[in-house]
Amino acid sequence: MELEKFEYDNAIVKNFIIASAVFGLVGMLVGLIVASQLAFADFFNDNFLLKYISYGRIRPLHTNAVIFAFVGNGIFAGVYYSLPRLLKAPMWSKALSNLNFWGWQFIIVCAAVTLPLGMTTGKEYAELEWWIDILIALIWVAFGVNMFMTIIKRRERHLYVAIWFYIGTFITVAMLHIVNSFELPISFMKSYSWYAGVQDALVQWWYGHNAVAFFLTTPYLGLMYYFIPKAANRPVFSYRLSIVHFWALIFLYIWAGPHHLLYTALPDWAQTLGVAFSVMLIAPSWGGMLNGLLTLRGAWDRVRDDAVLKFMVVALTCYGMATFEGPLLSIKSVNAVGHYTDWIVGHVHIGGLGWNGFLTFGMLYYLIPKMWNTKLYSQSLANTHFWIGTLGIILYALPLYWAGFAQSLMWEEFTAEGALAYPNFLETVTQIQGMYQLRVLGGLLYFTGAGVMVYNLMKTAAQGTFAATEADQAPALPVTYTPSTNEYWHRVIERKPIQMLVFSLVVVAIGGIFEIIPTFLIKSNVPTITSVKPYTPLELEGRDLYIREGCYTCHSQMIRPFRSEVVRYDPVDQEYSKAGEFVYDHPFQWGSKRTGPDLHRVGNKYPDSWHFNHMLDPRTMSPGSIMPAYPWLLEDNIDYEMLPKKISAMQTLGVPYAEGYAERAIADAQAQAQKIVDNLAGDKIKTDKDKEIVALIAYLQRLGTDIKNKDLTK
Amino acid sequence: MLKFIKGHMTSIDGIEIFPVLSFVIFFSFFVAVTVWIYTMKKSKVDEIAHLPLENGNDYPFNKNSENEK
């Protein structure tokens with residue numbers, strides 16, 4: 001049969017590698033800064049009080065940079081390298097490859113500019129505003145088209161399992177991103193989520209969990225199934241197991257999202273469903289991990305002196321640890337301890353630093369000598385990187401496990417008399433300060449290791465010559481294919497990638513729909529509470545400021561139905577949070593971490609003047625607090641002119657303001673603001689009704705109070 | 001738009017069966033895949049498993065003499 005000659009494009013792989021390394025360092029550096037802001041709060045409050053680097057604004061920058069810039073570019077680098085080689089066909093379109101590269105970097109730059117400016121949707125890991133969401137969708141589709149056309153033009157009939165993982169990734173991420181990003185723009189800088197309250201939470205965590213599953217896990221499993229056989233120089237331990245791994249993962253993952261919302265106002269049936277599927281997930285996850293590790297059978301001696309294999313072994317071990325912890329944390333009684341604490345932060349960093357980070361490093365140590373036709377500049381530097389990186393992970397995670405348990409136990413402890421042992425939340429924060437400082441050290445080690453790697457790889461590249469293309473040859477696939485008579489049906493699907501695309505989309509969509517539709521359908525899932533009314537225009541404005549400053553990164557608004565929580569957060573009425581209280585919250589702000597206390601019942605708890613002083617410098621009201629100060633809220637002005645637009649937007653979303661209320665919004669807001677100003681004046685605080693602090697106080701004083709208007713509650 | 005979706009879904013007769021159907025589809029597909037995998041021919045499985053190693057399994061490169069400087 002005649003051999004066709006063709007060339008693989010290495011230049012695009014090189015671009016993605018550089019982007020991944022550069023943005024990786026940037027993302028880790030921002031992570032170090034946010035960790036330091038918690039560990040050395042006084043230092044930052046006294047010396048670096050700048051709104052653009054305030055914790056609430058740059059923690060989303062850290063998460064977005066690491067997930068979408070570091071890992072994202074890592075995915076593209078690995079896919080653009082392995083896909084053409086597995087299919088014996090170059091990428092279909094160079095133009096689309098370049099569009100994918102430059103478009104993605106443009107999105108990253110947009111994120112790096114908008115997040116510090118406070119342009120955020122307020123939904124975790126989906127913070128980017130509506131127009132960036134549209135760009136992401138377009139660039140992602142460009143990637144998908146390029147991938148599928150390459151699959152169609154391939155010269156290898158079989159699709160290796162890595163490609164299945166890439167396909168699953170493409171389809172599911174597209175679906176998650178689009179469904180979760182339904183938002184109503186009111187300006188270039190601002191939009192509101194289509195969903196509210198419980199629905200928004202369910203959609204968000206369906207997205208959030210599956211972002212972990214289909215952005216941080218499945219594409220990297222694809223890379224694992226390609227690069228581990230490459231580096232170990234032997235085929236995967238069990239190819240059959242790898243296929244079961246793939247189907248079981250996508251079958252189970254898509255239903256697991258609600259485990260982020262255990263003991264919240266989410267309906268019980270959804271919580272239980274999430275738990276069941278999460279626990280089952282351990283089977284395919286560990287199957288995959290063992291499949292990777294066992295691929296090294298007979299090659300373990302090489303792990304001792306081969307940097308690539310070392311990194312991959314630790315990456316797989318961390319994958320195993322994280323996927324053991326995940327199901328464990330999904331069990332309700334364990335979740336009751338771990339949720340809202342630093343345990344979760346430790347858990348995700350085992351995944352992020354260990355699994356994604358180390359697999360990326362292993363891949364880079366393999367690819368750069370390969371593409372530059374040379375050997376690694378220094379094995380000993382690579383070993384140094386390996387050891388300080390591993391130590392960094394341990395020093396990062398262990399203190400946070402300790403901190404998580406310590407804080408959770410302190411939250412729940414009662415004295416013999418039945419009172420909270422630590423009634424002041426701050427005591428539980430100062431207790432774990434040392435752990436936060438150790439975590440910074442762990443992060444610093446890891447970051448230093450990554451720096452050593454970049455140096456080593458640059459030296460490697462300098463001593464070699466980069467081959468922009470790599471030639472290969474293979475016979476074309478025969479146009480007409482006569483299947484053997486006893487062919488299995490799965491082989492038929494495999495041969496028809498477009499049908500397979502549609503089919504897998506349907507399969508994943510059904511799982512997603514099952515989880516979401518019922519809350520749209522059944523009114524009784526979100527019981528209405530008659531006393532819960534829409535926010536006033538000023539409160540709505542204050543809520544937007546709460547979102548802008550990223551308060552949700554440290555404060556939850558979801559009191560779980562535990563005695564320890566209702567006594568702590570609502571000592572008088574002891575009301576936990578009800579689903580019906582959030583029906584006008586576009587977006588929901590339940591949060592996922594309590595670095596500070598829950599705020600759902602903070603309304604009317606303190607006088608206005610307390611909030612004013614607390615935002616000016618939290619340490620004056622709570623000595624020892626690690627919360628940043630927000631002096632700019634006292635100086636910057638409220639944009640009253642936007643209010644009518646915001647009210648109309650809320651009406652579009654179904655919030656029942658009276659017809660024509662938008663026109664009265666400004667007057668109403670200013671009247672309410674004046675009341676707060678007068679109230680503050682009574683405490684000898686001078687401000688005026690145009691300042692942002694007034695709107696924020698209005699919102700905080702409203703939080704969780706509606707349910708207490710007993711006359712209105714039936 | 002959301003109201004439009006909501007309205008339409010409630011108007012579908014017997015929509016309660018959809019979730020059950022989706023589970024059945026999922027589950028039977030999964031079982032079928034498992035059966036297929038374990039009945040695949042060993043030679044075919046090996047052939048596919050070797051795909052990543054086809055274009056030059058030359059790793060580790062540093063043992064490659066032409067790269068030694």
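Cut-off values and rules
Residues numbered from 1 in each chain as written. Chains lettered and ligands numbered in written order. Predicted model: local features only at pLDDT ≥ 70, side-chain atom pairs only at ≥ 80, totals over all residues. Heavy atoms only, no water. Helix = DSSP H or I, 4+ residues; strand = E, 2+ residues; numbered from the N terminus. Buried < 20%, exposed > 50% of the residue type's maximum accessible area, 1.4 Å probe, protein only. Contact = heavy atoms within 4.5 Å. Areas by Shrake-Rupley, 256 points an atom, 1.4 Å probe, with all protein chains shown as cover. Phe/Tyr/Trp six-rings, centres within 6.5 Å; stacked < 30°, edge-to-face > 60°. Lys NZ or Arg CZ within 6 Å of the ring centre and 35° of its normal. Core = buried A, V, L, I, M, F, W, Y, C linked by side-chain atoms within 4.5 Å. Domains from an automatic or database assignment. 1 Å grid on protein atoms, 1.4 Å probe; cavity = no way out; pocket = protein on both sides within 12 Å on 5 of 7 lines; lining within 4 Å. Points joined across faces, edges and corners; volume = space filled by probe spheres on them. Nonpolar A, V, L, I, M, F, W, Y, C, P; charged D, E, K, R; others polar. Axes fitted to C-alpha atoms, helices over the stretch in contact; angles between N-to-C directions. Parallel < 35°, antiparallel > 145°, perpendicular 65-115°, else oblique. Arc of directions from axis to C-beta. Salt bridge = Lys/Arg side-chain N within 4 Å of Asp/Glu carboxyl O.

K.L.:
Talk me through the overall build of chain B; I want residue IDs and the actual numbers.
P.N.:
Counting its secondary structure elements, chain B contains 3 helices and 0 strands. Here chain B, with 69 residues, has 33% of them falling under the buried criterion.

K.L.:
Explain the overall build of chain A to me, using residue names and the numbers behind them.
P.N.:
Each helix and strand counted, chain A has 26 helices and 4 strands in total. By residue count, 65% of the 714 residues in chain A fall in the buried class. For chain A, the share of sequence-separated contacts (at least 6 apart) that also reach a separation of at least 24 residues comes to 82%. Carbon and sulfur atoms form 66% of the exposed surface of chain A, whose accessible area is close to 25400 Å².

K.L.:
Describe the packing of aromatic side chains, listing the residues and the values that go with them.
P.N.:
Residue and element names in this part refer to chain A. Following the criterion strictly, the structure yields 58 aromatic pairs over all chains and no others. Aromatic pair Phe227 and Tyr366: ring centres 5.7 Å apart, planes at 70°, arrangement edge-to-face. Placement of Phe227 in helix α7 (residues 197-232) and of Tyr366 in helix α14 (residues 342-371) is noted, with a sequence separation of 139 residues between them. Through a chain of ring-to-ring contacts, the aromatic side chains of Phe16, Phe68, Phe76, Tyr80, Phe101, Trp102, Trp104, Trp140, Phe143, Phe148, Phe170 and Phe215 assemble into a single cluster. In this arrangement the basic side chain of Arg594 is found over the ring face of Tyr340, its NZ or CZ atom lying 3.9 Å from the centre.

K.L.:
Please set out the nonpolar core residue by residue, giving values where relevant.
P.N.:
Residues and elements named next belong to chain A. Trp104, Tyr160, Phe361 and Leu538 are the most contacted members of the largest nonpolar core, which has 245 residues in total. For this core, the element with the highest residue contribution is α7, accounting for 22 residues. Taken together, domain 1 (9-465 + 489-514) and domain 2 (537-708) each give at least three residues to this core, which thus spans both. Discounting chain neighbours no more than four positions away, the residues touching Phe361 are Met28, Phe70, Phe311, His385, Tyr446, Ala450 and Met453.

K.L.:
Account for empty space enclosed by the protein, with residues named and values stated.
P.N.:
Left-over empty space is what a probe sized like a water molecule reveals as it rolls over the atoms. Residues and elements named next belong to chain A. Going through the model one piece at a time under the given rule, you end up with 11 cavities of 30 Å³ or more. Of the voids in this model, the second largest cavity is the one considered here, and its volume is about 140 Å³. Lining the second largest cavity are 14 residues; nearest its centre among them are Val532, Tyr535, Glu581, Gly704 and Asp706. Class assignment of the residues belonging to the lining of the second largest cavity gives a composition of 5 nonpolar, 4 polar and 5 charged.

K.L.:
Account for the packing of helix α9 (residues 268-280) of chain A against helix α10 (residues 282-294) of chain A, naming residues and giving values.
P.N.:
All names here are of chain A. Two numbers describe how α9 lies on α10: the axes approach to 5 Å, and their chain directions differ by 25°. The angle between α9 and α10 places the two elements in the roughly parallel class. On α10, the residues that touch Ser278, Val279 and Met280 of α9 are Ile282, Ala283 and Pro284. Looking at the contact of α9 with α10 residue by residue, the class counts come to 5 nonpolar, 1 polar and no charged.

K.L.:
Residue-level account of helix α3 (residues 42-49) of chain B, with values.
P.N.:
Those residues of α3(B) that fall on the buried side of the exposure criterion are Val45(B), Ile48(B) and Ala49(B). Looking straight down α3(B), one finds that the buried residues subtend no more than 100° of arc, so they occupy a single side. On the buried face of α3(B), the contacting elements are α8 (239-253) of chain A.

K.L.:
Mind laying out the layout of surface pockets, listing which residues take part and the relevant values?
P.N.:
Residues and elements named next belong to chain A. Here the largest pocket is characterised by a volume of approximately 970 Å³. Contributing to the lining of the largest pocket are 49 residues, with His555, Gly596, Pro597, His614 and Met627 lying nearest its centre. Broken down by secondary-structure element, the contributors of at least two residues to the lining of the largest pocket are α1 (11-39), α2 (41-47), α3 (55-87), α16 (425-430), α21 (563-569), α22 (608-616) and α26 (692-702). For the lining of the largest pocket, the leading source of residues is α22, giving 4 residues. Looking at side-chain class alone, the lining of the largest pocket contains 31 nonpolar, 14 polar and 4 charged residues.

K.L.:
Residue-level account of the packing of helix α25 (residues 661-682) of chain A against α26(A), with values.
P.N.:
How two helices sit against one another is set out by the angle between their axes and by the gap between those axes. All names here are of chain A. Where α25 meets α26, the closest approach of the two axes is 10 Å, and the angle between their N-to-C directions is 95°. Comparing the axis directions of α25 and α26 gives the class roughly perpendicular. Residues Gln672, Ala673, Ile676, Val677 and Leu680 of α25 form the contact with α26, whose participating residues are Val694, Ile697 and Ala698. Considered class by class, the residues forming the contact of α25 with α26 number 7 nonpolar, 1 polar and no charged.

K.L.:
Explain the pattern of salt bridges residue by residue, including any values.
P.N.:
Residues and elements named next belong to chain A. With the rule as written, the count across this model stands at 31 salt bridges over all chains. In this structure, the salt-bridge partner of Asp636 is Lys51, at a minimum N-O distance of 2.9 Å. Linking Asp636 in the loop between α23 (618-621) and α24 (643-652) with Lys51 in the loop between α2 and α3, this pair joins segments that are 585 residues apart in sequence. Overlapping salt bridges, with partners in common, bring together Asp570, Asp573, Glu581, Arg601 and Lys708 in one network.

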